[in-house]
Amino acid sequence: MDSNNAKLRMQAFLEKYFSGESIDYRQIFGLFFPILIDQAFLVCLSLVNTAMISSSGVAAVSAVSTVDSINMFLISVFVAIATGGTVVVAQYKGSGNTEMVDKAAASSVSAVTLFSVCVSLLVVLFSRPLLSLLFGAAEADVLDNAGIYLIGSGVSFVGIAIKEAVCGALRGIGKTRVTLMLSLVMNLSYLLLNVVFINWMHMGVHGMVFSVNISRYLAAACAIFYLVRMDTSLHYRIRDAVMINFSMFKRILFIGLPFAAEQLFFNGGKILTQTFVVSLGTYAIAVNAIGSSIAVVYQIAPIALSTTTVTVIGQCIGRRNIQDARKLTKSFLWLSSCSFIVMAIIMMPLFHPLLGLFHPPTEIVDDIYWLVLINAIALIPLWSISFLLPAALRAAGDSKFVSVTAMLTMWLFRVVMGYVFGILLHWGVIGVWLAMELEWGVRGAVFLWRFRGEQWYKHRLIEPGT
């Protein structure tokens, strides 16, 4: 009897906070759980890969960490354009216009692929000047390894861009299980190839380059094959992707370009703060890299919720159901913050066993511990309003406001205060991270103010029949 009552209370709770006229909690969690599994796998894979490359020495870890900050900067452009596609597809899905859903998906794949080809060529041609400009203060062996890894990563960009574009379109119509399978194809193959090339063949950074290219192009091939031969929802044809639909490009880029600009400036600021860390020495780079790898474990569920938010709120706005959009955004914010509390309770006692994966020098263990502890506390009130809330605003078409706010707060707070705290006050890596958390708070406060108003949902990204 008690179990039945508990079940009824839980169902009533879910109906109240995670259901509406546009969508119910079963659909939402059907979207969420595949994304959650995908995100958990990505984070665990990142931990394992960082641990594997650490066997090649501190210089290799520092090189991979340094280049990954550039990779994140560049790949964020593809993800931004793909997110534009997700929003447009989701809104057309919500409006019930299946023909335009198909066209939006094809245009999204075309746009993201085109951008990736351009970026890949630039990275391969200008890798050395780029590394010298950004990380010239790094030690010679770090720069040598970084140069190899950056060129190899640049070659792989087209593969991951195609995979992200296809997954973005599929998320827009709610097919998150397929996106999970594509992600598993890419990341499991990456893990297995790293075991072969790094652990067995001892190829170090060269082995990671081979792994990343093979896995990303394999995933891209599987994604296109699925759309062309297996999917029954999007009716994707290669010729549709080749033919440029300028009207649809405009809608996708209305969301994607401000987000891309935001990501470029935002991650550009992160790279600049990375140069502060590089100037502190190889050990400081390793502290930052290992601390980041552990800290992202806390964000598994919130990042999955943020990704789910784009589809759910996009479909609510497509139906012009603002009440559902507001209610579900608030519910996601609370759920996200609660997940950080749960993760802190679980993860802090496991700090030392987890740290053992990275084989850090004894001298930096205390610094990593304090970095992770301070970040775990700051995540609870600040991360969700700073990252999940703008996902909801962007899904409603409010991309320009979100992007301008993110760019301004990044450069006015994280970059400036990162230099003050980390370099001028000699607080080191912890000072750089404290500046980051200060920026989260300021940015989140602005987004909360925007969300309380009405302007964020008044954009007309799509019109019926267009």
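About the cut-offs
Residues numbered from 1 in each chain as written. Predicted model: local features only at pLDDT ≥ 70, side-chain atom pairs only at ≥ 80, totals over all residues. Heavy atoms only, no water. Phe/Tyr/Trp six-rings, centres within 6.5 Å; stacked < 30°, edge-to-face > 60°. Lys NZ or Arg CZ within 6 Å of the ring centre and 35° of its normal. Bend = angle between axes of the 7 residues up to and from the residue. Helix = DSSP H or I, 4+ residues; strand = E, 2+ residues; numbered from the N terminus. Expected span 1.5 Å × (residues − 1). Axes fitted to C-alpha atoms, helices over the stretch in contact; angles between N-to-C directions. Parallel < 35°, antiparallel > 145°, perpendicular 65-115°, else oblique. Left-handed = near helix turned anticlockwise from the far one by under 90°. Nonpolar A, V, L, I, M, F, W, Y, C, P; charged D, E, K, R; others polar. Patch = residues over 30% accessible without salt bridge, like charges linked within 9 Å, V, L, I, M, F, W, Y side chains within 5 Å. Areas by Shrake-Rupley, 256 points an atom, 1.4 Å probe, with all protein chains shown as cover. Salt bridge = Lys/Arg side-chain N within 4 Å of Asp/Glu carboxyl O. Buried < 20%, exposed > 50% of the residue type's maximum accessible area, 1.4 Å probe, protein only. Contact = heavy atoms within 4.5 Å.

Another point: the packing of aromatic side chains. Per the stated rule, a full pass over the model turns up 18 aromatic pairs. Ring centres of phenylalanine 13 and phenylalanine 18 lie 6.4 Å apart, and the angle between their planes is 55°; on these two criteria the pair is classed as tilted. Residues phenylalanine 421 and tryptophan 427 carry aromatic rings whose centres are separated by 5.1 Å and whose planes lie at 25° to one another, so their mutual orientation is stacked. Every member of this aromatic cluster is reached through a ring pair, and the members are Phe13, Tyr17, Phe18, Phe29, Phe32, Phe33 and Phe332. The residue whose ring lies beneath arginine 443 is phenylalanine 387, and the NZ or CZ to ring-centre distance is 4.5 Å. The ring of phenylalanine 401 has arginine 450 lying over it, and the distance from NZ or CZ to the ring centre is 4.1 Å.

To continue, consider helix α15 (residues 365–395). Its maximal kink placed at leucine 379, α15 deviates by approximately 60°, while the proline proline 381 follows within four residues. Once α15 ends, the next one or two residues include glycine 397, with phi positive near 100°.

The subject of this paragraph is helix α16 (residues 399–424). With 26 residues, α16 ought to run about 38 Å at 1.5 Å a step, and its terminal C-alpha atoms sit 35 Å apart, in line with that. The largest bend in α16 amounts to roughly 35° and is located at methionine 410. Downstream of α16 by one or two residues, histidine 426 has phi in the positive range, about 60°.

Close contact between helix α7 (residues 176–200) and helix α8 (residues 204–230) brings their axes to 8 Å; oriented N to C, the two are set at 155°. By the angle between their directions, the pair α7 and α8 is classed as roughly antiparallel. As α7 runs across α8, the sense of the crossing is right-handed. Of the residues that constitute the contact of α7 with α8, the class distribution is 17 nonpolar, six polar and one charged.

Attention shifts here to a nonpolar patch on the surface. Residues Val117, Leu121, Leu122, Leu125 and Phe126 make up a contiguous nonpolar surface patch of roughly 510 Å² in combined accessible area. Topologically, phenylalanine 126 is positioned in the loop between α4 (98–125) and α5 (127–135). In this structure phenylalanine 126 comes out as partly exposed when scored by relative accessible area, which is 47%.

Here we come to the environment of alanine 161. If you trace the backbone, alanine 161 turns up in helix α6 (residues 140–172). The class of alanine 161 is buried, set by a relative accessible area of 0%. In contact with alanine 161, other than residues within four places in its own chain, are Phe78, Val112 and Ser116.

Moving on, we get to the packing of helix α12 (residues 300–318) against helix α13 (residues 322–347). Contact geometry of α12 with α13 gives a least axis separation of 10 Å together with a crossing angle of 175°. Here α12 lies roughly antiparallel to α13, going by the angle between them. Facing Ala301, Pro302, Leu305, Thr309, Val312, Ile313, Cys316 and Ile317 of α12, the residues of α13 in contact are Ile322, Asp324, Ala325, Leu328, Thr329, Phe332, Leu335, Ser336, Ser339 and Phe340. Along the lines of polarity and charge, the residues of the contact of α12 with α13 split into 13 nonpolar, four polar and one charged.

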